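Single-letter residue listing:
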Amino acid sequence: MHELGRLEDLPEDYRSALTELNLVPLWPSLRSVLPPGKPAVRTKPTCWPYQTLRPLLLKAGELTPMEKAERRVLVLANPGHGLEKMQASSTIYLGMQLLLPGETAPNHRHTPNAVRMIVEGGGAYTTVNGEKCPMERGDLILTPTGMWHEHGHDGSEPVVWLDVLDLPLVYYMEASYVMEGGPEFGHSDDSSGAYRRGGVAPSPMFERNKSAFPLLRYPWAEVRAALQALAASDAAIESVQVSYINPETGDDCQKILGYSALMLRPGERLQLSARSSSCVFHQIEGGASVSVDNAEFRLGEADTCCIPGYTAVVLENHSSTEPAYLFIADDAPFQKKLGMYEVRK
Ligand code: GTQ
């Protein structure tokens, strides 16, 4: 590739004339916006061990009352983007949220899509457009774009969950905003009860559910059982992995970020090809290592890490007796919609 002309090569008065007219020469910056072969990624492989952040999150519970926080969250920020950007990758936002017994986080809705992966505690719930979704360890609860949601806690221990949002992307689009309040919802569905069994879907009076988000809560007990059944049904399967889907359409459960759960069998080592999507691994049960070229993270329970796109990953379960369960979030659905998703073998 040719070396291109630099800004300094241009006469000062020419550069000022351009600036005056809001004009910029492309060639000095062409290689940085279109680098050869592979994009420049700011996202750095980064790990947030739960045991190190937990005391600081609980301390936030003492320092900042709910009225002063609305959402009491410590953001898992990627240093490659600058911590003030509050993003784990170019598209993914991660936050650890704390709710103490008796507290509530007020009803609101916003344009970014959110999900919650419950990390610890019991007795809390999120109410999404009137559907009360109990929060138990490992459950995934959707709060999709535009749906009202509030959090409450009737239990006796602090509750912590991992928020995953497409906020960086929506903010970049200049489309991020929130509305407070919300209407009264009367009848409350139980979507995770309605879609309990794979292969069948509710069809009252021969009618199927046409809502964009028919299922809002994916209980960990069901997902774990699905992984175990999958492992048992096919011992030769390449990876024991399930996607969180819209059960009416089979599509990803949200439009921008995708979610899956993976079981590493005892002693299993899994090589994941480099994919264009950035991703997040959160350890639900057991332990696993997540290795890339220049980093290795040993995840224990509730630890979270993020990995940039275009990066091959090796996952390994170092236990010879216990399975390891990982929750994975990535921006593959978004990239697929744009026609930019790649897997590099
Ligand atoms: O719980 O609604 O981590 O609105 C960031 C923004 C959580 C929430 C976050 C939010 C929420």
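Residues numbered from 1 in each chain as written. Predicted model: local features only at pLDDT ≥ 70, side-chain atom pairs only at ≥ 80, totals over all residues. Heavy atoms only, no water.

1. What to know about the layout of surface pockets
In this structure, the largest pocket occupies an estimated 1600 Å³ of space. Along the wall of the largest pocket there are 47 residues; nearest its centre are Gln87, Ser90, Thr91, Pro168 and Leu169. Counting only elements with at least two residues in the lining of the largest pocket, the list comes to β2 (73–75), β3 (93–99), β4 (104–110), β5 (114–120), β10 (159–165), α4 (167–172) and α7 (332–337). Among the elements that take part in the lining of the largest pocket, α4 stands out by supplying five residues, more than any other. (1 Å grid on protein atoms, 1.4 Å probe; cavity = no way out; pocket = protein on both sides within 12 Å on 5 of 7 lines; lining within 4 Å. Points joined across faces, edges and corners; volume = space filled by probe spheres on them. Helix = DSSP H or I, 4+ residues; strand = E, 2+ residues; numbered from the N terminus.)

2. Looking at the site of the ligand
Neighbouring the ligand are the residues Arg71, Val73, Tyr93, Gln97, His108, His110, Arg116, His149, His151 and Asp163. In the environment of the ligand, an oxygen atom lies 2.9 Å from a nitrogen or oxygen atom belonging to the side chain of Arg71. The side chain of His108 places a nitrogen or oxygen atom 2.9 Å from an oxygen atom of the ligand. Compared with its free state, where it exposes 280 Å², the ligand has 89% of that area covered by protein. Applying the majority rule of atoms within 2 Å of the grid points places the ligand in the largest pocket. (Near = heavy atom within 4 Å. Polar contact = N/O pair within 3.5 Å; in protein donor to acceptor, adjacent residues only side chain to side chain. Areas by Shrake-Rupley, 256 points an atom, 1.4 Å probe, with all protein chains shown as cover. Sits in = over half its atoms within 2 Å of the grid points.)

3. Structural notes on the environment of Pro202
Note on placement: Pro202 falls in the loop between α5 (191–194) and β12 (217–218). Residue Pro202 is classed as partly exposed on the basis of its relative accessible area, which comes to 26%. Between the C-alpha atom of Pro202 and that of Ala235, which follows or precedes it by 33 residues, the distance is 32 Å. Among all residues touching Pro202, those that are not within four sequence positions of it are Ala194, Tyr195, Glu207, Arg208 and Glu248. (Buried < 20%, exposed > 50% of the residue type's maximum accessible area, 1.4 Å probe, protein only. Contact = heavy atoms within 4.5 Å.)

4. Concerning the nonpolar core
Counting residues in hydrophobic clusters, the biggest one holds 55 residues, and the most contacted among them are Leu94, Met96, Leu140, Val164, Tyr244 and Tyr259. Here this core takes five residues from β10, the largest share from any one element. Apart from the residues within four sequence positions on either side, Val164 is in contact with Ile92, Tyr93, Leu94, Asn113, Ala114, Val115, Leu257, Tyr259, Phe327 and Ala329. Counting 18 residues, the second largest nonpolar core, distinct from the first, contains Leu262, Cys279, Ile307 and Leu326. (Core = buried A, V, L, I, M, F, W, Y, C linked by side-chain atoms within 4.5 Å.)

5. Structural notes on unusual backbone geometry
A negative phi angle is the norm for most residues apart from glycine, just as the trans form is the norm for most peptide bonds. Residues other than glycine seldom take positive phi values, yet Asn22 does so here, at roughly 55°. Here Asn22 lies in the loop between α1 (12–20) and α2 (30–33). The exposed category is assigned to Asn22, whose relative accessible area is 72%. Positive phi values are uncommon outside glycine, yet Ala302 reaches one of about 75°. Mapped onto the secondary structure, Ala302 falls in the loop between β18 (295–299) and β19 (304–307).

6. Overview of the pattern of salt bridges
It is possible for side chains bearing opposite charge to pair when their charged atoms get close. Throughout the structure, instances matching the rule amount to 16 salt bridges. Here Glu207 and Lys210 are joined by a salt bridge, their closest N and O atoms 3.4 Å apart. What makes Glu207 partly exposed here is its relative accessible area of 47%. A relative accessible area of 70% places Lys210 in the exposed class. Sharing partners across several salt bridges, the network here consists of Arg6, Glu8 and Asp9. (Salt bridge = Lys/Arg side-chain N within 4 Å of Asp/Glu carboxyl O.)

7. Topic: the packing of aromatic side chains
Both the distance between ring centres and the angle between the ring planes are used here to describe each pair of aromatic rings. Scanning all chains against the criterion turns up four aromatic pairs. Centroid distance Tyr218 to Tyr244: 5.4 Å. Interplanar angle 80°. Geometry classified as edge-to-face. Of this pair, Tyr218 sits in strand β12 while Tyr244 sits in the loop between β13 (240–243) and β14 (258–264); the two residues are 26 residues apart in sequence, bridging distant segments of the chain. Across the pair, Tyr244 and Tyr218 agree in class, each one buried. (Phe/Tyr/Trp six-rings, centres within 6.5 Å; stacked < 30°, edge-to-face > 60°.)

8. Remarks on the environment of Gly198
Summarising the element assignment, Gly198 is placed in the loop between α5 and β12. Take Gly198: its relative accessible area is 77%, and that puts it in the exposed class. A C-alpha to C-alpha distance of 33 Å links Gly198 and Glu157, two positions 41 residues apart in sequence.

9. Topic: the sheet that holds strand β16 (residues 279–285)
Within the open sheet, the six strands sit side by side as β1-β19-β16-β21-β14-β13. Their pairing is antiparallel. Strands at the two margins of the open sheet, each flanked by one partner only, are β1 (46–48) and β13. Strand-to-strand twist in this sheet, taken as the mean axis angle between neighbours without regard to direction, amounts to 20°. The sheet contacts of helix α6 (residues 220–233) involve β13, β14, β16 and β21 (324–330), and relative to β13 the element is tilted by about 135°. (Pairing = 2+ DSSP bridges. Axes fitted to C-alpha atoms, helices over the stretch in contact; angles between N-to-C directions.)

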